[in-house]
Amino acid sequence: MIGRLLRSGAGKEPRPWLLWLMWIFLGLYLAGLMVHGTGFNPLVDLWLGMPASWAPAAVAWLAAYRARNHLAVAFVAMALSAFAAGSTVYVSSLAGASSLPFPSPADVGYLLFYPLVLSGLFVYLLPMRRRLARSVLLDSVVGSLGAASVLVVLLSPLLSASSGFPSFATSVAVAYPLLDLVVLAVTAGMAAVPGLATGRSGMTLMLGLMVFAAADVAYAFRLENGTYSLGTPLDAGWTAGMCLIAAWANGFTRQGAAADGASEGAWTPAVPMVATAAGLGVLIVGTRIPVPELAVGLAAITLVAAGIRTQLAFRQLVTLAEVRRQSRTDELTGLPNRRALYTDAPAVLDAQQGTPCAFLLLDADRFKEINDSLGHDVGDRLLIQISERLRRCLGPRDLIARLGGDEFAILLLEAGEHEALQLADRLRAALSEPLTLRGIALQVGVSVGIALFPEQGEDLKTLLRKADTAMYRAKASRSGRHVYASEDHSPGEERLRMLQELRAALANDELVLHYQPKVDAVTGETKGVEALVRWNHPRHGLLAPGSFLLLAEEGGLMNALNHRVLTLALDQAASWHARGRTLTVAANPSASSLIDAELPGRIAAMIEERGLKESALMVEITEDFMMPDRVRARDILSGLQDRGIRVAIDDFGTGYSSLAYLRDLPINELKLDRSFIVPMTHCPRAAALVASTINLAHSLGLTVVAEGVEDGDAVDQLSRYGCDQVQGFHILRPVPAAELDDWFTSSRLDSGLPSA
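These remarks concern the structure in this document.

## Description of the environment of Ala215
Residue position: Ala215 is located in helix H9 (residues 200–225). Sequence separation between Ala215 and Leu234 is 19 residues; the distance between their C-alpha atoms is 6.6 Å. Once residues lying within four places of it in the same chain are set aside, the contact partners of Ala215 are Leu234, Gly237 and Trp238.

## A word on the nonpolar core
Membership of the largest hydrophobic core comes to 74 residues, with the highest contact counts inside it found for Tyr515, Ile603, Leu718 and Leu740. Ranked by the residues each element gives to this core, the list is headed by helix H21 (residues 558–578), at 9 residues. Formed by 48 residues, the second largest nonpolar core is a distinct cluster that contains Val59, Val117, Met206 and Ala247.

## Description of the packing of aromatic side chains
One pass over the structure, following the stated rule, counts 10 aromatic pairs. Their ring planes at 45° and their centres at 4.7 Å tell us that Phe83 and Tyr110 sit as a pair that is tilted. Within this pair, whereas Phe83 is found in helix H4 (residues 70–94), its partner Tyr110 is found in helix H5 (residues 105–129), the two being separated by 27 residues in sequence. In this pair, the class of Phe83 matches that of Tyr110, namely buried. Ring centres of Phe83 and Phe212 lie 4.9 Å apart, and the angle between their planes is 75°; this geometry places the pair in the edge-to-face category. Taken together, the residues span a long stretch of sequence, with Phe83 in helix H4 and Phe212 in helix H9 at a distance of 129 residues. In this structure Phe83 comes out as buried when scored by relative accessible area, which is 6%. For Phe212, a relative accessible area of 2% corresponds to the buried category. Among the aromatic residues, ring-to-ring pairing joins Phe83, Tyr110, Phe113, Tyr114 and Phe212 into one connected group.

What counts, and at which threshold
- Each residue is numbered by its place in its chain's sequence as written, counting from 1.
- Confidence filtering applies because this is a predicted model: local features only for residues at pLDDT of at least 70, side-chain atom pairs given and counted only at 80 or more, and all residues used for totals across whole chains, interfaces and linings.
- Processing note: side-chain calculations cover all non-hydrogen atoms of the structure and skip hydrogens and water entirely.
- Secondary structure elements follow DSSP: runs of H or I of four or more residues count as helices, runs of E of two or more count as strands, with numbering from the N terminus.
- Any two residues whose heavy atoms approach within 4.5 Å are treated as being in contact.
- Residues belong to a common nonpolar core when they are buried Ala, Val, Leu, Ile, Met, Phe, Trp, Tyr or Cys residues joined through side-chain atoms within 4.5 Å.
- Think of it in three bands: with a 1.4 Å probe and only protein chains considered, a residue is buried below 20% of the maximum accessible area for its type, exposed above 50%, and partly exposed in between.
- Ring pairs are drawn from Phe, Tyr and Trp, using the six-membered ring of Trp, whenever the two centres fall within 6.5 Å, and their geometry is named by plane angle: stacked under 30 degrees, edge-to-face over 60, tilted for the rest.

What follows is the structure, given as structure tokens:
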């Protein structure tokens, strides 16, 4: 029944008038004690003292009626009621009597206060045990033990009454200081709990308990010395402590059951320190004057608990230091992370006081493709090797951090533009050497953006933004490094928009193929076509590959783009073959395809799905893609050859050519780059290179195709050199399949070749 009543009041708003009435009663009672006089004063002791004693109990019962966790407040309300009842019996018995026997019925109410209030504290603090760390619990134990050891010394005159076989009266007399000792020790332990000592509610409770116990101890000492008299301000000490405890109970519903989320006060950690010093002091004093054995024992236990707490604190400091280190360190590479850069770089820049520095932002080229093709494990190992090479290129004072993914930042101290460019070149050279992972040699390029301090930015945020702009300018221009200039603009917003549109384009079939024929240099017969991807952009119109291939690489879309190009090319080849036009379609997969061991099988499966012969597709690759790992490239190209798929080297002569791979790799066709063909008609050296390359390729059994043929003179000259096929605008620009069909049917050769 009582539980239902208490629960039914949960959540109701407090009534402040009763709280104010309690403080008014206390004030009137204290004022009355000031003019009390000697002996029993009915007005003050009865008519003012009793309402002042019962008002805290009434406030506490109302709080228990409202509180969610009503049990703790209910115990406190019962404790205050017990003490008020004892005071009522005591004061009523004094009316007309000169003294009371000891112990008296009033002592029952007084003594019940202690177990009831301690039970309330136990219920109040018990839920906090699950949320508090072991260190906080140890702090509370140390605080309680230290306070108890000192209190035993202070209360030893009162406790000495228990020497010998105690009588009932003696036991009751000694119970008061012992219970006060327990209450004060618990209060000291509460002071070590973060939140209780800083929250207004917790402070009110602890202050109330201390005031109450202090009044009780002062009363006991005065009684022991024969100096106590009724009607002094000391009599209001118990009532004041009860009012503070009742105020805590009144605020219980607003403050919550425990100081959730309260912060640790500045002096909260000092509680175990003071308690330890107190315990040590008790032991030192015990060497000079007699102190109770209980005090010595409590002091010794305090020091043992403090030692355990110190060891735990040391472990916590080590753990915190390690956590801090880990929070500032990139887990994969061991380099400082973005957090460390944002913490350290501003301080370093401030210390430079205008001394030139350079901020470099590095981004690995085509890392996303490697990561997707070979797996994240290989990508992680690649990042580790990249970070090691970058670190070796830096001085001891320079800062380096991994910002995330394949992006790194370097703060080069006491360096201008010249030094920054030199470092960028060293970094690119260090990463240009093949990196071997799982027996695969990978070559990773890096694009470096540079921003200069202080002329281009005086804070890290500005330098990072401008270096990012310069880095994307380096990627777009394929220069490898770029220093921010005032005419540069941030491509971030437009780049993100284009990347999102490219993802949509892959899903919405906005990518199309244009085809350029390859014809026999002598007869003009069409031997095949090259498929060139275009993006039919909804805002910018038809875009050439140079406008979006780099974006696809950076956004990790190259694998999807490769698949889309092969799908469109093979679908068109199937359409032509169905109409009797057996053309070979050449497609250009990206660099990442050359490290994908499953590429030959996937392409063969796509050809088989359409019922085509393997000769319907030719795979064109550029020579520089094969240079990092020739062994793996040979394995993949051999896999294509074994399945009947022909392979051509595109843009021959533009990379770091090695004649050895012409001998070692399974290649069917060599495509001479237009940079040799265009100047051939007026440059003897270029003509000699073209002629000798054609002869070399023929000696190796390779078909030679000349790209970029723009006039008839070039066709005639190539024909004389023995070139097999020609391709270029003189024949036909890249056009959609429908236009190419029209060209097939309408065009006729003039002297063996069609006109533009």
